[in-house]
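Structure at a glance
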Amino acid sequence: MPDHSLYARRLREIADALDAEVQPFEDVLAPHPDTMDTIRNRHARRGQLNYAVPDALQLQRRIRRYNADHDIAHGDVVALALDIWLRAKGYPPDLKPPERDAP
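These remarks concern the structure in this document. (Residues numbered from 1 in each chain as written. Predicted model: local features only at pLDDT ≥ 70, side-chain atom pairs only at ≥ 80, totals over all residues. Heavy atoms only, no water.)

1. A few points about unusual backbone geometry
Backbone geometry follows two general trends: most residues other than glycine have a negative phi, and most peptide bonds adopt the trans configuration. Despite not being glycine, Gln58 shows a phi value in the positive range, around 50°. By the secondary structure assignment, Gln58 is in the loop between α2 (33-40) and α3 (59-70). In this structure, Asp71 takes a positive phi of about 55° despite not being glycine. Structurally, Asp71 can be placed in the loop between α3 and α4 (74-88). Overall, Asp71 belongs to the exposed group, its relative accessible area being 69%. (Helix = DSSP H or I, 4+ residues; strand = E, 2+ residues; numbered from the N terminus. Buried < 20%, exposed > 50% of the residue type's maximum accessible area, 1.4 Å probe, protein only.)

2. As for the layout of surface pockets
Estimated volume of the second largest pocket: approximately 730 Å³. Lining the second largest pocket are 20 residues, with Leu59, Ile63, Val77, Val78 and Ala81 positioned closest to its centre. Those elements that provide at least two residues to the lining of the second largest pocket are α3 and α4. For the lining of the second largest pocket, the element with the most residues is α4, which contributes 7 residues. A breakdown of the residues in the lining of the second largest pocket according to their chemical character gives 15 nonpolar, 3 polar and 2 charged. (1 Å grid on protein atoms, 1.4 Å probe; cavity = no way out; pocket = protein on both sides within 12 Å on 5 of 7 lines; lining within 4 Å. Points joined across faces, edges and corners; volume = space filled by probe spheres on them. Nonpolar A, V, L, I, M, F, W, Y, C, P; charged D, E, K, R; others polar.)

Here it is in structure tokens:
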């Protein structure tokens, strides 16, 4: 039977070195700065987002409560939550400014 102790020891050294590295932790629920700029811009075009969601999740009630506690508009709460989730899943927006129509 081949002796794999050298490989096992080397793998343990690599694992220890990786554990010792300081890895910065980004708050995964922090809104992206581009998203915050868009949300703050009250002149940004807005569209209606209508989807049927399960009543058991009480999303409308929870959004109203969050709005009351933090004074963030209902639509902005939904926009922030969906943007964070979609970015985390690998679907960032294309935030290019809209092209102006030529005269």
